[in-house]
Amino acid sequence: MQSNQMVKSLPHEPTPEEIRDQKLYQEIGLKDEEYERVVGHLNRLPNWTEISIYSVMWSEHCSYKSSKTLLKKFPTTGPRVLQGPGEGAGVVDIGDQQAVVFKIESHNHPSAVEPFQGAATGVGGIIRDVFSMGARPIALLNSLRFGDLKTPRVRYLFEQAVEGIAHYGNRMGVPTVAGEVVFDKAYEENPLVNAMCVGLLNHHELQKGIAKGVGNPVIYVGASTGRDGIHGATFASEELSEDSEEKRPEVQAGDPFMEKLLLEACMEMVQEGLLLGIQDMGAAGLTSSSTEMSAKGKHGIELNLDLVPKREEGMTPYEIMLSESQERMLLVVEKGKEERIKQICDKGGLQSAVIGQVTEGTQYRLYFQGDLVADIPVLTLVDDAPCYVHPQKVPAYYLENEEVRPEKELAQIDPQEAMLKVLSSPNMGSKKWVYRQYDHMARASTAVLPGSDAGVIVIRGTEKALARCTDGNGRYVYLDPVQGGRIAIAESARNVICAGAEPLGVTDCLNFGSPEKPEVYWQLAQAIEGMSEACHQLQTPVVGGNVSLYNETKGEAIYPTPIVGMVGLVTKREHITTQSFKQADDLILLLGDTYAELGGSELQYLETGTISGRPPQLDLEKEQKVQRVVLQAIRQGLVASAHDLSEGGLALAVAESCMTGQKGAEISLETTLAPTVHLFSESQSRILLSVSAEKAAQVEELAKAEGVTCTRLGKVTDNDKVTFTVNGDRVIDLSLNEITQQWEEAIPCAMKQSSRSTS
Amino acid sequence: MRFAVPVFPGSNDMDAVHAIEDVLERPVTAVWHHESDLSQYDAIIIPGGCSYGDYLRPGALAARSPIMEGVQKAAEQGKLVIGISNGFQILLESGLLPGAMRKNDHLQFRCDIATLIVENNQNPFTGHYQVGERIRIPIAHAQGNYYCDEQTLAELKKNNQIVFKYVDENPNGSVEGIAGICNKRGNVLGMMPHPERAIVDWMGTSDGVKLFTSMLRYWEENGGAE
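Below is a summary of the structure that appears in this document. (Residues numbered from 1 in each chain as written. Chains lettered and ligands numbered in written order. Predicted model: local features only at pLDDT ≥ 70, side-chain atom pairs only at ≥ 80, totals over all residues. Heavy atoms only, no water.)

With respect to the helices, strands and loops of the structure, His141 of chain B is situated in strand β7 (residues 134–141). A polar atom in the side chain of His141 of chain B sits 3.0 Å from the side chain of Asn172 of chain B. (Helix = DSSP H or I, 4+ residues; strand = E, 2+ residues; numbered from the N terminus. Polar contact = N/O pair within 3.5 Å; in protein donor to acceptor, adjacent residues only side chain to side chain.)

This is the structure:
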């Protein structure tokens, strides 16, 4: 093939002049000034294939053009970080030449129009990101947001998304060990489906998505390319509208069996050390994988599109390049190793094809039926993508909330009534309906099953285990993005600490509205500020993640919802701790302080149908001290159970520890706050412990040394009673059996409503 | 005692391999499904997972692969064969055990720790359990709703072939709460619950251990030599 060929336009496609004159680039998501930039880079008018490639590579989804400058705030390095953002997933050292690999990613828009496949392929994509690093996937997590379950469509979206996640993860044999679900009408039309995968590798197995070595073959492995998912990345970068239903064909369909074959083949290639570069064909498919490998390797790539395995006849270069067909991987290997790759693929019945080669220079060239159909300086696609700093504006609601104090009104509610209301709400109710659809015990390494603060997976052949969780509270972030951002990081670290682990690092998924709205951009900037502060203080670098903007319908943005995936290391198996009360007569201790903080609380939402005021305030130094006390206490063998206080406050934390351990509790406390405010306040930096009576003093010593308040609240019992006495008055007196039933039935009940009952 | 774990595309074979290594410390080999000669092994564990992506029907494609000739032969020779979850489905599809699997009656995938009752300890797999013993073993399946016609059910009962039943809650709607059955001779067992996921306390239960130790004792008492 000659590189001095002229770039050709195909007969049935718009001509370069038509693209310019009719502004056809706008239809695929490019702005006027971005088109001009492309013309400048090429020094000529781009043809349809070329402009489409720019359009996806410069989409928010691939280029982070609106968030890049803000994301620079995140700490991304640390002594344990082996790979920060920029590759398929982040990699953190866990000693013994082992490393943990993890990443979270959104699949919100596909899930809004086709929830089953949208959620399923979200899981498939994140698993590929992890094994493209050379790691064996060992656990999945997810974080879901839906509207109110009273709406039939919400029930449909929720049910199908959960089934889609189960469908993919279960068939892959990767356990789904933890996650969270929140229902709030802010997500009614625009649900959030964030999936996280965790993998394990030995240091020498670490792979990169890079093209190097002139003349080395570029190999395509996996499913054939079809017309599904074309322009998915662009779809993900615009607001949902009534036309979104028409985008159903842009949602890809997944085949977990194919992915399992792909996984096993890739693992074999990694073990044999065959790969120079490997990258998943995820968003923007063949385009992003090949151009990014080329740009990262500072080498050119040429591909012959006739050699790409195709599912359908007559596909054009535009369709081949933008297809988001699932379960495909792009490899670069040393010349001569092609045969071995083919053998491995053939054994598993997997398709593979050499489709091009690495070239000198940094030019990206595509050939189709003998013609040169794209000729692009590759660095302009990746490194020279546009970058926007949008104007910011403090939203009116934020200023209005300054004076709002919801505690006064909420104090009037009877504590027992509040307790029953909170624990039987779908948000606080048991998530068993969800997680029992996920195979959470595959690989036989799950030590803490779903339903505790963090899922724990033991590492075979070692004393180590990994704790991980996903967490986020869009209500707090909406009310105050800096505080909400801090809380997102701090709470996920707290969850991991409660499992007996030291937090290692963070992957985050920033789900926001349109960055072109100054109020939304302000939320984004502020939330990143708060998260960064917390990451610095708690020494948990951000090693990867994803930004999902334009989560809006009919001009209404979702709550700004950063989801944090945190991974922690348990150094000894005996440190693994759960939230459930273990033993009657154990003392119940509370670390931390309780303030009148009900802004954005679950109680407020349930009582008033909305949220207002300021969210709980977080003092990062105090947070760190509380976490330090708990980890020390666990490592010294003093702790029977540990549970983070979060939504629903002290009352719900005690109830959860009772229900999951099937133990009763007698709580008695003194407070200057109204009982309901004290019991349901969502003040931060608090952890509930149960300890045997003779060890309590030691825990109190540890707390004292750090200057952390430690209060004896009462004791665990063998009775069927959960009681709270405040300032001498018995304010809650409930049967364990009864509350357990209500708590377990919350979601199943909400799902059983007749499809005709709307709110 | 040498164990083979047949591997189909989509199998979760490593869980079974690790269980044998950890509980019995006996040699165990994962064998690719193209192999049809299993004569060198004393026992075969057909693992869980989703062989061939559960396409067509769970177990239907795997039941027709070369390795099942080896499994068939081993069963005829009286060697021990156990099919777990997808392995049970494969044994049904290959005719080594009677009956069929339907979708769970609630139509959802179900993962949980189920409580079983041991119905029969007069076979190679349950010798270390007591009849009537309640054990907790994880389940994870979408199609574990065991079905057989009345005549077959009567046969199963008459020959003492029902090995495990669910108690407290039937998680899939299976006939009479059946969780595991064996063949008439007693050397082929199929069960939906996963004993290989119940071998150490941190897994939530270690009640699966006795199933593996029972197999080893049976083999030793019946002339097996290392």
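So that's the structure; there's more coming.
The subject of this paragraph is the pairing of strand β3 (residues 43–46) of chain B. Residue and element names in this part refer to chain B. Residues Ala43 and Ile45 line one face of β3 and the alternating positions Ile44 and Ile46 line the opposite face, and both faces are buried. Judged from the two bridges that link them, strand β1 (residues 3–7) and β3 form a sheet pairing that is parallel. Looking at the pairing, Phe3 lines up with Ala43 of β3. Two strands pair when backbone bridges link them, and β3 and strand β4 (residues 80–84) are joined in this way by four bridges, in the parallel orientation. Each residue of the ladder has a partner; that of Ile44, found in β4, is Val81. (Buried < 20%, exposed > 50% of the residue type's maximum accessible area, 1.4 Å probe, protein only. Pairing = 2+ DSSP bridges.)

Residue and element names in this part refer to chain A. Here we have seven strands laid out as an open sheet, ordered β8-β10-β7-β11-β9-β12-β13, and mixed in their pairing. With partners counted over all chains shown, the strands left at the sheet margins are β8 (275–280) and β13 (371–377), one partner each. Averaged over all adjacent pairs, the angle separating strand axes in this sheet is 20 degrees, with direction ignored. In the sheet, strand β7 (residues 217–222) pairs with strand β10 (residues 328–333) via five bridges, with the strands oriented antiparallel. Bridging across to β10, Ile219 finds its partner in Leu331. Seen against the sheet, helix α3 (residues 48–57) touches β12 (363–368) and β13 and runs at an angle of roughly 35 degrees to β13. Contacts from helix α10 (residues 256–271) reach β7, β8 and β10 within the one sheet, and its direction differs from that of β10 by about 20 degrees. (Axes fitted to C-alpha atoms, helices over the stretch in contact; angles between N-to-C directions. Contact = heavy atoms within 4.5 Å.)

It is worth spelling out the sheet that holds strand β26 (residues 710–717) of chain A at this point. All names here are of chain A. The seven strands lie next to each other as β23-β25-β22-β26-β24-β27-β28, forming an open sheet whose pairing is mixed. Of all strands in the sheet, those bounded by a partner on one side alone are β23 (641–644) and β28 (729–735). Put simply, the sheet's adjacent strands are angled 20 degrees from each other on average, direction ignored. Across four bridges, strand β24 (residues 664–669) lies against β26 in antiparallel orientation. Its bridge partner lying in β26, Ile667 is registered against Gly714. Against the sheet, helix α27 (residues 736–751) makes contact with β24, β27 (721–726) and β28, and its axis sits at roughly 70 degrees relative to β28, the strand it touches most.

In this section: the side chain of Glu491 of chain A. All names here are of chain A. Counting through the fold element by element, Glu491 comes out in helix α20 (residues 481–498). Although Glu491 is buried, it makes no salt bridge; Arg494 carries the closest opposite charge, 4.9 Å away. When neighbours within four sequence positions are excluded, Glu491 is seen to be in contact with Asp471, Asp644, Ser646 and Glu647. (Lys, Arg positive; Asp, Glu negative; His and termini not counted. Salt bridge = Lys/Arg side-chain N within 4 Å of Asp/Glu carboxyl O.)

Another point: the interface of chain A and chain B. Across the boundary between the two partners, chain A contributes 26 residues, which contact 27 residues of chain B. Linking chain A to chain B there are four salt bridges. Our count for the chain A to chain B interface comes out at 10 residue pairs in polar contact (both at pLDDT 80 or more). At three residues, the largest contribution of residues to the side of chain A that touches chain B is made by α10 of chain A.

Once that is clear, we can look at the nonpolar core. Ranked by internal contacts, the top residues of the largest apolar core, which has 132 residues, are Phe158 of chain A together with Phe164, Leu211 and Met215 of chain B. Within the second largest apolar cluster, 50 residues are counted, among which are Trp48, Ile301, Met321 and Val358 of chain A. (Core = buried A, V, L, I, M, F, W, Y, C linked by side-chain atoms within 4.5 Å.)

Take the packing of α20 of chain A against helix α21 (residues 518–538) of chain A next. Angle between the axes and distance between the axes are the two parameters that describe a pair of packed helices. Residue and element names in this part refer to chain A. Direction vectors running N to C along α20 and α21 enclose 40 degrees, while the axes themselves pass 7 Å from each other. One finds that α20 runs oblique with respect to α21. Once α20 is placed against α21, the crossing between them reads as right-handed. Together, Pro481, Val482, Gly485, Arg486, Ile489, Ala490 and Ala493 of α20 and Trp522, Gln523, Gln526, Ala527, Gly530, Met531, Glu533, Ala534, Cys535 and Leu538 of α21 make up the contact between the two elements. Looking at side-chain class alone, the contact of α20 with α21 contains 11 nonpolar, four polar and two charged residues. (Parallel < 35°, antiparallel > 145°, perpendicular 65-115°, else oblique. Left-handed = near helix turned anticlockwise from the far one by under 90°. Nonpolar A, V, L, I, M, F, W, Y, C, P; charged D, E, K, R; others polar.)

Counted according to the given criterion, the structure contains 14 aromatic pairs over all chains. Centroid distance Phe257 of chain A to Tyr52 of chain B: 6.2 Å. Interplanar angle 45 degrees. Geometry classified as tilted. Remark: Tyr52 of chain B occurs in the loop between β3 and α2 (67–76) and Phe257 of chain A occurs in helix α10; the pair is interchain, linking two chains. Residues Phe257 of chain A and Tyr52 of chain B agree in their burial class; the two are buried. Aromatic pair Tyr478 of chain A and Tyr559 of chain A: ring centres 4.9 Å apart, planes at 45 degrees, arrangement tilted. One end of the pair, Tyr478 of chain A, is in helix α19 (residues 474–479); the other, Tyr559 of chain A, is in the loop between β20 (556–557) and β21 (561–570), and 81 residues separate them in sequence. Taken together, the ring pairs in this structure connect Phe146, Phe158, Phe183 and Trp433 of chain A into an aromatic cluster. The ring of Trp32 of chain B is capped by Lys347 of chain A, whose NZ or CZ atom sits 4.8 Å from the centre of that ring. The positively charged end of Arg614 of chain A is found above the aromatic ring belonging to Tyr398 of chain A, 3.9 Å away from the centroid. (Phe/Tyr/Trp six-rings, centres within 6.5 Å; stacked < 30°, edge-to-face > 60°. Lys NZ or Arg CZ within 6 Å of the ring centre and 35° of its normal.)

With that settled, the discussion passes to helix α13 (residues 338–347) of chain A. Residue and element names in this part refer to chain A. Those residues of α13 not exposed but buried are Ile341, Ile344 and Cys345. An end-on view of α13 places all buried positions within 95 degrees of arc, on one side of the element. Buried residues in α13 make contact with β7, α10, β8, β10 and β11 (352–359). In the segment just after α13, Gly349 is the residue with positive phi, at about 70 degrees. (Arc of directions from axis to C-beta.)

Attention now moves to empty space enclosed by the protein. What the rule picks out here adds up to two cavities of 30 Å³ or more. In this structure, the largest cavity occupies an estimated 850 Å³ of space. What lines the largest cavity is a set of 45 residues, and nearest its centre among them are Gly179, Glu180, Val181, Asn427 and Lys431 of chain A. For the lining of the largest cavity, the secondary-structure elements that each account for two or more residues are β4 (136–146), β5 (176–183), α18 (432–435), β16 (465–471), α19, α20, β23 and α24 (649–661) of chain A. With seven residues, the single largest contributor to the lining of the largest cavity is β5 of chain A. For the lining of the largest cavity, the per-class residue count stands at 16 nonpolar, 18 polar and 11 charged. Residue lining of the second largest cavity: Met441, Ala444, Ser445 and Thr446 of chain A together with Arg197 and Met203 of chain B, and that is the complete set. (1 Å grid on protein atoms, 1.4 Å probe; cavity = no way out; pocket = protein on both sides within 12 Å on 5 of 7 lines; lining within 4 Å. Points joined across faces, edges and corners; volume = space filled by probe spheres on them.)

Moving on, we come to a nonpolar patch on the surface. A grouping of Tyr55, Leu56 and Leu61 of chain B is seen on the molecular surface, where their side chains present a nonpolar patch of about 300 Å² in accessible area. You can see Tyr55 of chain B is positioned in the loop between β3 and α2. (Patch = residues over 30% accessible without salt bridge, like charges linked within 9 Å, V, L, I, M, F, W, Y side chains within 5 Å. Areas by Shrake-Rupley, 256 points an atom, 1.4 Å probe, with all protein chains shown as cover.)

Residues and elements named next belong to chain A. Viewed as axis vectors pointing N to C, α21 and helix α23 (residues 620–635) meet at an angle of 45 degrees, and their least axial separation amounts to 10 Å. With respect to their mutual orientation, α21 and α23 come out oblique. Of the two elements, α21 crosses α23, and the hand of that crossing is right-handed. In this structure, α21 contributes Glu533, Ala534, Gln537 and Leu538 to the contact, and α23 contributes Leu620, Glu621, Glu623, Gln624 and Gln627.

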